[in-house]
Amino acid sequence: MVTPQPSLCEPDYVWTIDGFEIKSGPEERVNLCFPDEGTFSVCVQAVIGNPSSGSICDELTKCMNVTVAKKQDEIAKPRIYCPEKLPVQWHCQSISGPGEYRCPFTINGCCEYDSVITIDEVTVQEGPEIWYVGCQGQPYIDPTTGASYGTCLNHEEIFLRGKSRPYGCDSSYFLSLIFPSSQTEISLSCQNSTVKLKANPKITTELCGQNIELSVSYVWYERQNPNKVIGNDLELLVSKNSNYCFSHILNYKLGDQSKVCTFDVCENFDELNIVKYLENIKLCTITKACDNDTIDYYLENFPSKVLKYNWEINGGQILNLKPDSSSRVSVIWQKK
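Residues numbered from 1 in each chain as written. Predicted model: local features only at pLDDT ≥ 70, side-chain atom pairs only at ≥ 80, totals over all residues. Heavy atoms only, no water.

Draft legend 1. Region of the structure containing the overall build of the protein chain. Secondary structure summary: the protein chain contains one helix and 25 strands in total. The buried share among the 336 residues of the protein chain stands at 30%. For the protein chain, the proportion of contacts with a sequence separation of at least 24, taken over those separated by at least 6, is 50%. Looking at the protein chain as shown, the accessible area adds up to about 22200 Å², and 47% of this sits on carbon and sulfur atoms. (Helix = DSSP H or I, 4+ residues; strand = E, 2+ residues; numbered from the N terminus. Buried < 20%, exposed > 50% of the residue type's maximum accessible area, 1.4 Å probe, protein only. Contact = heavy atoms within 4.5 Å. Areas by Shrake-Rupley, 256 points an atom, 1.4 Å probe, with all protein chains shown as cover.)

Laid out in structure tokens, this is it:
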């Protein structure tokens, strides 16, 4: 800039750098862009008149040396980002990870410099592994978020959005779940003078491809006395009327977690009243027979719901074509 001249005539100013004209006009203040680093001679000539036509009333030239150096980098305050916050836009750069980033800027439209920023990324370490075995009605409840999980999962990553600590990055853990389940049917058959109950348990647990350890056990008990074990096999012989129940006990181990789940089912057969009939069944016929005699045998007080009869004859032959479907048979006795 130059000091305004105390004259009624306004001069024109001609600005030069090392003798090369850069700008001219009546402005008393200019911005000059230097071509490079170094020392330059900057001159301004004040002219009253018309320099282009050579008609000059008065002129005055002033010079000064200017040393030019590149402006040092502007170092921005470092920033730390959580992985889930990236990428972010910083001036001319898209920040996608840790490192040093630069963007060029200018002062007064010509003086260039770089702004530099260092970006660090918080390293979120791999979360812990959580295993859970839940019996019926026991979903897994996340203690942080309160979220409920009720189906099997295999190493499923669960994200905690900024929940692990205030103003912290997201964290996560890996969740593996199984929920034991079982279905059991009980069938009934007769054996000698007792009733045989047979349990057919089926494990229906979904494992989602996980490796587990499993041990299985069985317990029979009467409903009215559940603490008294009366059998530990799949079959149970009973000789009295009662309401019988079967427990299918599954002991699972998944990772570092073990859980015993028990599945109970009680029979609801009216046919169990067959026990009292078995006590009153009578085999009716004459008790003596001669060789080649044909004798009829039949059952009394036998229940109506009979699926099959099993007749056993020693020393004779049953004449009926289908003795297993009849409560009466004819037998011819023959001496050996």
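Draft legend 2. Structural context of the side chain of His-248. By secondary structure assignment, the location of His-248 is in strand S20 (residues 244-254). Judged by its relative accessible area of 2%, His-248 falls in the buried class. At 2.6 Å, the side chain of His-248 forms a polar contact with the side chain of Ser-182. Setting aside residues no more than four positions away along its own chain, His-248 makes contact with Ser-182, Thr-184, Pro-201, Ile-203, Val-216, Ser-217, Tyr-218, Cys-261, Thr-262 and Phe-263. (Polar contact = N/O pair within 3.5 Å; in protein donor to acceptor, adjacent residues only side chain to side chain.)

Draft legend 3. Broad picture of the layout of surface pockets. Roughly 400 Å³ of internal volume is contained in the second largest pocket. Along the wall of the second largest pocket there are 18 residues; nearest its centre are Phe-34, Val-68, Cys-110, Cys-111 and Glu-112. Of all the secondary-structure elements, those providing two or more residues to the lining of the second largest pocket are strand S4 (55-68) and strand S10 (111-121). Ranked by residue count, the leading element in the lining of the second largest pocket is S4, at three residues. In the lining of the second largest pocket, the residues fall into ten nonpolar, three polar and five charged. (1 Å grid on protein atoms, 1.4 Å probe; cavity = no way out; pocket = protein on both sides within 12 Å on 5 of 7 lines; lining within 4 Å. Points joined across faces, edges and corners; volume = space filled by probe spheres on them. Nonpolar A, V, L, I, M, F, W, Y, C, P; charged D, E, K, R; others polar.)

Draft legend 4. View of the state of the cysteines. Applying the stated rule across the entire model yields five disulfides. Put simply, Cys-92 and Cys-103 are joined by a disulfide, and their sulfur atoms are 2.0 Å apart. Taking the sign of the torsion about the S-S bond as the criterion, the disulfide between Cys-92 and Cys-103, at about -115 degrees, is left-handed. Of the two residues, Cys-92 sits in the loop between strand S7 (88-90) and strand S8 (93-95) while Cys-103 sits in strand S9 (residues 99-107), which places them eleven residues apart along the sequence. Judged by relative accessible area, Cys-92 falls into the partly exposed class, the value being 46%. Residue pairing for Cys-135: its cysteine sulfur links by disulfide to Cys-261, the two sulfurs lying 2.0 Å apart. Handedness of the Cys-135-Cys-261 disulfide follows from its S-S torsion of about -90 degrees: it is left-handed. Of the two residues, Cys-135 is situated in the loop between strand S11 (129-133) and strand S12 (140-141) and Cys-261 in strand S21 (residues 257-266); the sequence distance between them amounts to 126 residues. For the pair Cys-135 and Cys-261, a shared accessibility class is recorded, and that class is buried. (Disulfide = S-S within 2.5 Å.)

Draft legend 5. Here's a closer look at the nonpolar core. In this structure, Val-2, Tyr-13, Trp-15, Ile-17, Val-30, Leu-32, Phe-40, Val-42, Val-44, Ala-46 and Val-68 together form the largest nonpolar core, which totals eleven residues. Elements supplying a minimum of two residues to this core: strand S1 (12-17) and strand S3 (38-50). Sorting elements by how many residues they give to this core places S3 first, with four residues. Once residues within four sequence positions are removed from consideration, Val-68 is found in contact with Phe-34, Asp-36, Glu-37, Gly-38 and Phe-40. Grouped together as the second largest cluster of nonpolar side chains are ten residues, Leu-153, Ile-158, Tyr-173 and Leu-177 included. (Core = buried A, V, L, I, M, F, W, Y, C linked by side-chain atoms within 4.5 Å.)

Draft legend 6. Molecular detail of a nonpolar patch on the surface. Together, Ile-203, Leu-214 and Val-216 line one region of the surface with nonpolar side chains, adding up to about 210 Å² of accessible area. Among the secondary structure elements, Ile-203 is positioned in strand S17 (residues 194-203). Judged by its relative accessible area of 37%, Ile-203 is partly exposed. (Patch = residues over 30% accessible without salt bridge, like charges linked within 9 Å, V, L, I, M, F, W, Y side chains within 5 Å. Salt bridge = Lys/Arg side-chain N within 4 Å of Asp/Glu carboxyl O.)

Draft legend 7. Inspection of the packing of aromatic side chains at higher detail. All chains considered together, the criterion is met by eight aromatic pairs. Arranged with centres 6.1 Å apart and planes meeting at 75 degrees, the rings of Tyr-297 and Trp-333 form a pair that is edge-to-face. One end of the pair, Tyr-297, is in strand S23 (residues 294-300); the other, Trp-333, is in strand S25 (residues 328-333), with 36 residues separating them in the sequence. Side by side, Tyr-297 and Trp-333 carry an identical accessibility label, which is buried. One residue, Lys-71, lies across the ring of Tyr-113, its end atom 5.4 Å from the ring centre. (Phe/Tyr/Trp six-rings, centres within 6.5 Å; stacked < 30°, edge-to-face > 60°. Lys NZ or Arg CZ within 6 Å of the ring centre and 35° of its normal.)

Draft legend 8. Geometry of the environment of Glu-129. Mapped onto the elements, Glu-129 comes out in strand S11. Classification of Glu-129 by relative accessible area gives partly exposed; the value is 28%. Taking the C-alpha atoms as reference, Glu-129 lies 7.6 Å from His-155; in sequence the two are 26 residues apart. Only 2.8 Å separates the side chain of Glu-129 from the side chain of His-155, close enough to count as a polar contact. There is a polar contact of 3.1 Å between the side chain of Glu-129 and the side chain of Ser-176.

Draft legend 9. Expanded view of the sheet that holds S20. Strand order in the open sheet made by the three strands is S18-S20-S21, with antiparallel pairing throughout. Each edge of the open sheet is held by one strand with a lone partner, namely strand S18 (213-222) and S21. Taken pair by pair, the neighbouring strands of this sheet meet at an average axis angle of 15 degrees, ignoring direction. Of the pairings in the sheet, the one linking S18 to S20 comprises ten bridges and is antiparallel in character. Bridge pairing in S20 links Leu-214 to Tyr-252. (Pairing = 2+ DSSP bridges. Axes fitted to C-alpha atoms, helices over the stretch in contact; angles between N-to-C directions.)

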